[in-house]
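For reference, the chains in residue letters:
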Amino acid sequence: HGIQAQPRVPRANTNVVSIDLGKLEKEVQIMTGDPFVCKSCEAIYNVTSKMEVMGGCTLWHCEFCGHQNSVNIEKEEIPTTDTCDYMITPAPISTTSSMDSTM
């Protein structure tokens, strides 16, 4: 009697990573100004962050390191969605072209 061959099963490739990056057409909240950054760990104030008022001072307890940050933030600067982009100042326009600078 002959030996039956086992069905061949492909080995898993552990070097393949699948990440869903969503869609670029999804609208995001555009923020002006600079993001508010924790003075201890440099985490950025986000939609899940909480502020509290103590003695006339507004404080943010960083959810990552627990540092107590004094906050001076306008209502419009508080993120309201999971994802937001910050508008930064564009680079200044150069008056010389790249061809001129190589000569």
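Residues numbered from 1 in each chain as written. Predicted model: local features only at pLDDT ≥ 70, side-chain atom pairs only at ≥ 80, totals over all residues. Heavy atoms only, no water.

1. So, the packing of aromatic side chains
Turning to step 1, where the next piece is worked out: Under the criterion given, the structure shown has two aromatic pairs.
Turning to step 2, where the next piece is worked out: Between phenylalanine 36 and tryptophan 60, the ring centres sit 5.7 Å apart and the planes meet at 65°, which makes this aromatic pair edge-to-face. Taken together, the residues span a long stretch of sequence, with phenylalanine 36 in the loop between β1 (29-31) and β2 (51-54) and tryptophan 60 in strand β3 (residues 57-61) at a distance of 24 residues. Neither residue differs from the other here; phenylalanine 36 and tryptophan 60 are each classed as buried.
Turning to step 3, where the next piece is worked out: Ring centres 5.3 Å apart and planes at 80° place the aromatic pair tyrosine 45 and tryptophan 60 in the edge-to-face group. Linking tyrosine 45 in the loop between β1 and β2 with tryptophan 60 in strand β3, this pair joins segments that are 15 residues apart in sequence.
Turning to step 4, where the next piece is worked out: You can call tryptophan 60 buried: its relative accessible area is 0%.
Turning to step 5, where the next piece is worked out: Site record: aromatic cluster; members linked through ring pairs are Phe36, Tyr45 and Trp60. (Phe/Tyr/Trp six-rings, centres within 6.5 Å; stacked < 30°, edge-to-face > 60°. Helix = DSSP H or I, 4+ residues; strand = E, 2+ residues; numbered from the N terminus. Buried < 20%, exposed > 50% of the residue type's maximum accessible area, 1.4 Å probe, protein only.)

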